[in-house]
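Examination of the molecular architecture
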Amino acid sequence: MREALIDLGAVSRNVETLRSSVGNMTSMVVVKANGYGHGAVHAARAALDGGADWLGVVDIDEALELRASGIEAPVLAWLHDPEQDFSAAVAARVDLGVSYLQQLDRVAAASGVALVHLKVDTGLGRNGAAPGEWEAFFAAAATHERAGRVSIRGLFSHLAGVDDALQVASFEVALAAAAAAGLRIQIAHIAASGAAIATPGSRFDMVRLGIAAYGLSPFSKHLPGAPTLTPAMQLSGAVVSVKRVTAGTGVSYGHEFVAAKDTTLALVPLGYGDGIPRHGSGTGPISINGQAYTVAGRVAMDQVVVDVGDDAVALGDRAIFFGDPATGVPSADDWAAASGTINYEIVTRIGARVVRRYLS
Ligand SMILES: *Cc1c(COP(=O)(O)O)cnc(C)c1O
């Protein structure tokens, strides 16, 4: 009834395309938040098929889900509970992003040799050691490494997308400070999809590809020369009720939509409980049988109504919210524009009630 059709071949091809656009350098594909809504394990396998070398997730539970499914590729997890016990992650060879001294000490205290990427804040203002902390942070990392408690494999940071050049320069200062502390950083990485595509000087030893791997653009405007990608998710619902109504009929809560003339209303069983933004009330695009419509009235928790006029729409016809615009349906970007958000949120928020069906 509610379906997110995920084209895993598209994910693999997107990763291949993106890798070749960065000279086939080492690439991480980020599969956090259930693979941006696409399914973490499926997306991870498709990314590896497309040539990804690393997988990225936010927390250790996400990393262990990949390991439990049999995925052995390197996985980096970078956001942890202050009380986190790192033993299971170390035992599962999950690389750990570490952002501050006490966290480094906790990681070092776990049994086994922890694989670590030190995280520095170069200007995003979120996670990572601030510049004033680098010297002590790197010195402690070198001490733990000499004692055989950790292996410092990487140094990384994340961009705010405002002034990449300033952050890249700050990252270079961090790399020099790490070297001065005696650390031999094998993998320096700072670029996510946007910088990987648009800022060659930010690529260092590895790029971290998230949204672009799923075929969506990290840019708010079209970037000439950007690689051509295929959106991997198509979200649709079956039309579950069709009825003729007379002019003046009000639709959905608050009657924000009133039929101007006699018309046909089609009911589609997806709502904000499935991740359809309520801000798309009266604006969100929907395609049925190749025709473009707009959500009539408010998006409810479980359903939306589409005014299809005098068109022949039958029970069971598929109402497509978004997919690959090359197939004539709205895009996740169209939904983002209609509801005041970004394509990232549109796909990632698709809820558990929506059945994922995979095309490989
Ligand atoms: C989510 C995330 C990425 C991927 O970002 P995209 O813009 O989706 O490519 C990369 N690095 C970090 C640290 C992230 O949190």
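Worth saying up front: this structure is predicted, and the values here are computed from it rather than measured. (Residues numbered from 1 in each chain as written. Predicted model: local features only at pLDDT ≥ 70, side-chain atom pairs only at ≥ 80, totals over all residues. Heavy atoms only, no water.)

**What about the nonpolar core?**
By size, the foremost hydrophobic cluster in this structure holds 109 residues, and its most contacted members are Leu66, Leu118, Phe138, Phe321 and Phe322. Looking at which domains feed residues into this core, each of domain 1 (9-214) and domain 2 (233-359) supplies at least three. Excluding residues within four positions of it along the chain, Phe322 makes contact with Met233, Gln234, Leu235, Val329, Pro330, Ser331, Ala332, Trp335, Ile346, Val347 and Ile350. If you look at the next biggest cluster of nonpolar residues, it comprises seven residues, including Val245, Val251, Leu265 and Val305. (Core = buried A, V, L, I, M, F, W, Y, C linked by side-chain atoms within 4.5 Å. Buried < 20%, exposed > 50% of the residue type's maximum accessible area, 1.4 Å probe, protein only. Domains from an automatic or database assignment. Contact = heavy atoms within 4.5 Å.)

**A closer look at the site of the ligand**
Taken together, the residues surrounding the ligand are Val30, Lys32, Tyr36, Trp78, His158, Ala192, Ser193, Arg208, Gly210, Ile211 and Tyr344. Take Lys32: an N or O atom from its side chain is 2.7 Å from an oxygen atom of the ligand. (Near = heavy atom within 4 Å. Polar contact = N/O pair within 3.5 Å; in protein donor to acceptor, adjacent residues only side chain to side chain.)

**Some details on the pairing of strand β17 (residues 304-309)**
β17 sits mainly inside the fold: five of its six residues count as buried. Bridge analysis of strand β14 (residues 263-268) against β17 gives five bridges, and the strand direction is antiparallel. Its bridge partner being in β17, Leu265 is matched across the sheet by Asp307. (Helix = DSSP H or I, 4+ residues; strand = E, 2+ residues; numbered from the N terminus. Pairing = 2+ DSSP bridges.)

**Considerations on the domain arrangement of the chain**
Domain annotation for the chain reports domain 1 (9-214) and domain 2 (233-359). Summarising the inter-unit geometry, the C-alpha centres of domain 1 and domain 2 are found 38 Å apart. Interface area for domain 1 against domain 2, summed over the two sides, is near 770 Å², with a carbon-plus-sulfur share of 60%. One can count zero salt bridges joining domain 1 with domain 2. For the pair domain 1 and domain 2, the number of links is two residue pairs in polar contact (both at pLDDT 80 or more). With three residues, helix α2 (residues 32-36) is the largest single contributor of residues to the side of domain 1 that touches domain 2. (Buried area = accessible area lost by both parts, 1.4 Å probe. Salt bridge = Lys/Arg side-chain N within 4 Å of Asp/Glu carboxyl O.)

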